[in-house]
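For reference, the chains in residue letters:
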Amino acid sequence: MRIAPLELDDAPAAAREAADDHARHVGRITNMKRTLLRSLPAFRALMTWYDLRDTVRPFLGDRLTTLFAHAVSSETDCLICSTFFRRILIESGEDPDDLALSDEERDVVAFGRALAVTPHRVSDDVYAPVAARYSDEQMVALTAFGALMLATNVINNVLQVPLDGYLEPYRRAQSEAAR
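Quantities reported herein were computed from a predicted structural model and do not represent experimental measurements.

A. Representation of the environment of M47. With respect to the helices, strands and loops of the structure, M47 is situated in the loop between α3 (40–46) and α4 (49–75). Spatially, the C-alpha atom of M47 lies 21 Å from that of D77, the residues being 30 residues apart in sequence. Excluding its chain neighbours within four sequence positions, the residues that come into contact with M47 are H22, M32, K33 and L36.

B. Highlighting the state of the cysteines. Taken as a whole and judged by the stated rule, the model has zero disulfides. With no disulfide of its own, C81 has C78 as its nearest cysteine by sulfur position, at a separation of 3.7 Å. The exposure class of C81 is buried, given its relative accessible area of 7%.

C. Local environment of the packing of helix α5 (residues 79–91) against helix α8 (residues 136–159). In contact at an axis separation of 7 Å, α5 and α8 are set at 125 degrees when each is read in the N-to-C sense. Taken together, α5 and α8 sit at an angle that is classed as oblique. Residue-level contacts link L79, I80, C81 and F85 of α5 to M149, T152, N153, N156 and N157 of α8.

D. Representation of the packing of aromatic side chains within the structure. According to the stated counting rule, one finds eight aromatic pairs in the structure shown. With centroids separated by 6.2 Å and ring planes inclined at 45 degrees, the aromatic side chains of W49 and F85 adopt a geometry described as tilted. Residue W49 is found in helix α4, and its partner F85 is found in helix α5; the two are separated by 36 residues along the sequence. Summarising the burial analysis for this pair, W49 and F85 share the class buried. Chaining the aromatic ring pairs together yields one cluster made of W49, Y50, F68, F84, F85, F111, Y127 and F145.

E. Molecular detail of α4. Counted at 1.5 Å a residue, the expected span for α4 with its 27 residues is 39 Å, but the 18 Å between its end C-alpha atoms falls short. The principal kink in α4, of about 115 degrees, is found at G61. Just downstream of α4, D77 is the residue with a positive phi angle, here 60 degrees.

F. A look at the confidence of the model for the protein chain. Residues at a pLDDT of 70 or more form 97% of the protein chain, whose mean pLDDT is 94. Predicted confidence is poor over residues 175–179, with pLDDT under 50, and the contacts of this stretch with residues over four places away or in other chains come to three contacts.

Analysis parameters
- Residues numbered from 1 in each chain as written.
- Predicted model: local features only at pLDDT ≥ 70, side-chain atom pairs only at ≥ 80, totals over all residues.
- Heavy atoms only, no water.
- Helix = DSSP H or I, 4+ residues; strand = E, 2+ residues; numbered from the N terminus.
- Contact = heavy atoms within 4.5 Å.
- Disulfide = S-S within 2.5 Å.
- Buried < 20%, exposed > 50% of the residue type's maximum accessible area, 1.4 Å probe, protein only.
- Axes fitted to C-alpha atoms, helices over the stretch in contact; angles between N-to-C directions.
- Parallel < 35°, antiparallel > 145°, perpendicular 65-115°, else oblique.
- Phe/Tyr/Trp six-rings, centres within 6.5 Å; stacked < 30°, edge-to-face > 60°.
- Expected span 1.5 Å × (residues − 1).
- Bend = angle between axes of the 7 residues up to and from the residue.
- pLDDT = per-residue confidence, 0-100.

This is the structure we're talking about:
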C-alpha cells in the first residue's frame, strides 16, 4: 500500500459528507473510494463510473456490462476490480475462469481487453464487430465506460490499494493468476 485509505472518522468534513452521500445513493465505501476521498475532485471524477455503467446497461444488459468491466480489469491485472467483478459473476452462478460467451459477448469482451492492453490503438478487427452492433452514441458511452474502468484500475494498481476483506473469498488463486 502506497497511500492508506482515509479513515473516515478522522477525515475532513467534506470527505465525510461525500462518503455519506455516496453510501446513501450508491453503496459501500471501499478501500479504493476511501483512498480517492483524499482528493475530492478525484473521488467525484471516478465515481462518474456509475453514471457510465447506468448508460451502457440498457444496451449491454447486466451480464455483458459485468463481463466488459471484468475483461478490462482482468487484463490490467487489477486485483480489486477484477475480484469485484469475479464476485458478481460467481454470485450469479458463473465460473469467471470458464465463461460461455455468445458472439456478441466475445466481441465486447475482446474490445474491453484491447482497451486495457492498447487503449491508444484498438485494431479495426476488434473495434468493427462491436461498432457494427451499437450506435455511435453507444460506442462513445462504452468506450468512455472502459476508459473510466481503466482509470480505477490505474488508481488501485499504482497506489497499491489493499483488497477489501469482503472480496477475499472471490480472489483468484495465485496459481491460476499466473497462467
